[in-house]
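Observations on chain architecture
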Amino acid sequence: MRVTRAAVLSLASSILLSPSSCVRIYPNTNGTASLQDSYDYIVVGAGIGGLVVANRLSENPSVSVLVVEAGDLDDRAEDVSIPGNVGFADPSRYDVKLEMARQEFLDNKTRVFTQGKAVGGSTLVNGLVWTRGSVADFDAWERLGNSGWGWSGILPYFQKSENYSAPVSKGPARQAPIPVHPVIGGYGKNGPVEVSYPNYDYNQSYNFLEGVQELGIPANADPNGGNATGACIIPSSMMAKNQSRSDARTSYLDPVLDRPNLHLVTGYTVTRILHDSAGIIFPNSTHTSGGSGLSVTGVELAANLTAATITVTCGKEVILAGGAIFSPVLLQISGIGPAELLRNLGVDVAVDLPGVGSNLQDHPTLQPVYELTSPDVFSAWDIVGSTRDAVRQEYLSNRTGPWTAPMVNFIAFPVLGWVTDRLRELLNEATNATANLPPSYDDTLRAGYAAQQTQLISFLTQTDTPVFEIMSTSWGQLAVSGMQPFSRGTIFARSSSMFENSAPIIDPRFCSHSFDCKLLVLGLQFNDRLIQTSAMAALMPVAPPGFGIMDARNETELDQVMRPKITTGFHPSGSTSMLPLDLGGVVDASLRVYGTRNLRVVDAGVIPLIPGAHIQAVVYAVAEKAADIIKAEN
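Residues numbered from 1 in each chain as written. Predicted model: local features only at pLDDT ≥ 70, side-chain atom pairs only at ≥ 80, totals over all residues. Heavy atoms only, no water.

Bringing the nonpolar core into the picture now. With 168 residues, the main nonpolar core has Trp141 and Phe208 as its most contacted residues. When residues in this core are grouped by element, the largest group, 10 residues, is from helix H16 (residues 616-633). Every residue in contact with Trp141, bar those within four places of it in the chain, is listed here: Asn146, Trp149, Ile154, Met578, Ile607, Pro608, Leu609, Pro611, Val618 and Val622. (Core = buried A, V, L, I, M, F, W, Y, C linked by side-chain atoms within 4.5 Å. Buried < 20%, exposed > 50% of the residue type's maximum accessible area, 1.4 Å probe, protein only. Helix = DSSP H or I, 4+ residues; strand = E, 2+ residues; numbered from the N terminus. Contact = heavy atoms within 4.5 Å.)

Across the sheet, which stays open at both edges, the five strands sit in the order E9-E18-E19-E20-E16 with antiparallel pairing between neighbours. Among the strands making up the open sheet, the edge pair consists of strand E9 (230-233) and strand E16 (365-366). Across four bridges, the pairing between E9 and strand E18 (residues 410-413) is antiparallel. Each residue of the ladder has a partner; that of Gly230, found in E18, is Phe413. On the sheet, helix H5 (residues 203-214) packs against E9, E18, strand E19 (468-472) and strand E20 (478-482) and is oriented at approximately 15° with respect to E18. (Pairing = 2+ DSSP bridges. Axes fitted to C-alpha atoms, helices over the stretch in contact; angles between N-to-C directions.)

Our next topic: the confidence of the model for the protein. Counting all residues, the mean pLDDT for the protein is 92, and 92% of those residues have values of 70 or more. In the model, residues 4-23 has pLDDT below 50 throughout and makes 53 contacts with residues more than four positions away in sequence or in other chains. Taken together, the stretch residues 278-291 has pLDDT below 50 and engages in 28 contacts with residues farther than four places along the chain or on a different chain. (pLDDT = per-residue confidence, 0-100.)

Another aspect to go through is the state of the cysteines. Covalently bonding the sulfur atom of one cysteine to the sulfur atom of another cysteine gives a disulfide. Overall, the coordinates contain one disulfide when judged by the stated rule. Residue Cys511 pairs covalently with Cys517 via a disulfide, S to S 2.2 Å. Sign of the S-S torsion, about 100° for the bond between Cys511 and Cys517, identifies this disulfide as right-handed. When sorted by exposure, Cys511 lands in the same class as Cys517, which is buried. (Disulfide = S-S within 2.5 Å.)

The final tally for this structure, using the stated rule, is 18 aromatic pairs. What links up through ring pairs into an aromatic cluster is the set Phe138, Trp141, Trp149, Trp151 and Phe158. When the ring centre of Tyr187 is taken as reference, the NZ or CZ atom of Arg132 above it lies at 5.0 Å. The aromatic ring of Trp149 is capped on one face by Lys625, whose charged end is 5.1 Å from the ring centroid. (Phe/Tyr/Trp six-rings, centres within 6.5 Å; stacked < 30°, edge-to-face > 60°. Lys NZ or Arg CZ within 6 Å of the ring centre and 35° of its normal.)

Let us now look at the packing of helix H11 (residues 423-432) against helix H13 (residues 515-530). At their nearest, the axes of H11 and H13 sit 9 Å apart, and the two run at 150° to each other. Relative to H13, the element H11 lies roughly antiparallel. Of the residues in H13, those in contact with Leu426, Glu429 and Ala430 of H11 are Phe515, Lys518 and Leu522. Taken together, the residues of the contact of H11 with H13 break down into four nonpolar, no polar and two charged. (Parallel < 35°, antiparallel > 145°, perpendicular 65-115°, else oblique. Nonpolar A, V, L, I, M, F, W, Y, C, P; charged D, E, K, R; others polar.)

A few words on the packing of H11 against helix H12 (residues 443-461). Taken N-terminus to C-terminus, the directions of H11 and H12 make an angle of 170°; their axes are 10 Å apart at the nearest point. Taken together, the axes of H11 and H12 lie roughly antiparallel to each other. On H12, the residues that touch Leu423, Leu427, Ala430 and Thr431 of H11 are Gln453, Ile457, Leu460 and Thr461. For the contact of H11 with H12, the class distribution of residues is five nonpolar, three polar and no charged.

What follows covers the pattern of salt bridges. Under the definition given, this model contains 24 salt bridges. Between Asp254 and Arg249 there is a salt bridge, and its shortest N-O distance comes to 3.2 Å. The salt bridge partner of Arg422 is Glu555, with a shortest N-O separation of 3.2 Å. Taken as a pair, Arg422 in the loop between helix H10 (416-419) and H11 and Glu555 in helix H15 (residues 555-562) lie far apart in primary sequence, 133 residues in all. Taking relative accessible area as the criterion, Glu555 reaches 27% and is therefore assigned partly exposed. Salt bridges sharing partners connect three or more residues here, namely Asp74, Arg76, Asp247, Arg249 and Asp254. (Salt bridge = Lys/Arg side-chain N within 4 Å of Asp/Glu carboxyl O.)

Next up, the structure:
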């Protein structure tokens, strides 16, 4: 089987390697590379889930693994690797911009969602934030029917993925107002992903922490210890020694370049999952030995819409890791999903599975900037011209200075009772508001939502789960993101061709449950009080139009100004949920797709209820646990 050399780019770590040193596909002298006809495991997607699982499965030298990635290998350039470039440089060559459906509950306009398209996925372009969530987030997963997925079941896999380093002393300069004291035994020390702190903090970040505490938000010395709430300094997915990005590729692929049983093909898209259905509709039952179910035989892949397709078969399993956007689309165009949608696409129904593409969740986010007008403020916005040259030289020479600091690592995670004295009133509002679920939801999806809503209402009463987060940047942005969204959306294929789904129908339905917008208003009102604290007032912040001190006192007007500005938190999840079948689930607790024998999903789509956290650490842990499950069952 032949693949053009365009798909066989040389791997790189810190420097580019020659093609002959790659673990994946060995180019022949004529510029082509040979794929095997069959592999034990075929992994679709080389983001977090795909690279973690491929690494762990290929630890066994007798097992063959193929990873198929539509994107390319990155070039390790400064716009990718340097933390200080996050939010300023735009490595758009490694992402794809997807237009959402019009958001009818906001302003009836579209938004753009960006995600990584390269080996390493979105870990090449994300903000580096490393948060796990709270014990309650994962215990809720277990209460929803996923045995073994509570906090105690997933904590070992957070630790397995991590190589944690404590922050270093920054010398006699101003000391951080909050300590960093990890829970004993809380972090992993030998995992692939380096988790650490920058060698530089902006002074105004300390003003933020002091101001938050003035408002009664307690300090949290370890937001990853099981209680994520409070004011905290967040670690980042960055290397402690050289202060650069630690992504899925550098963590899970580059260290295993010598494995001949692990192959990676780039620049190719899986166009269809192959199975033996022959038009037969199998029952929606999880696999048991000798039980019925769809047998997946392999995949088709192609370089583009007009290129010839290549068929590769699997000896054991196909594992989807295309992310919460594209994994459900691939399932749908392969005949696994809601029967009515599939028929409308002209796709034969192999497994009628209503949950595929539903239960979509995201953290709705606002990004107001409160301009810091004090002449003493130095921010990342000031790193231009000769200052940029000096900052760059310091970073390259010493791995110190402002370029070691990512966009966000100072955050407040309030609980509802800390930011309002109307707790009972708000609980009633959250309970009684109309959910406005998508009209495509069947009875199982509605039952699943009711079960999730019970957990969400419980979170609002607790003191260990945040309702929103405030993310502080050096230039005065106080982003507000809802951590426990009640709204649910959908992702549906637009066409039966994967290449014509470069922009599938993505509809997060932000604020379709009105309480989500209520929480964002509370967050903006919190910002209003925050900029008036003595610590923050010293920075002379100026609120953006519509978000001023007087504006925040009129909830109705603030809501109207806010809605057009709400956008994605870049945390899509839930679209292939790990839930019981009668609750609209797509995969079982072994991450196997219902109605199939050897097809799994290992990306953010399986998250049944989005945690109150940035989700990259969660996906690493899910994938680590998935790898152990797969190895145990094979």
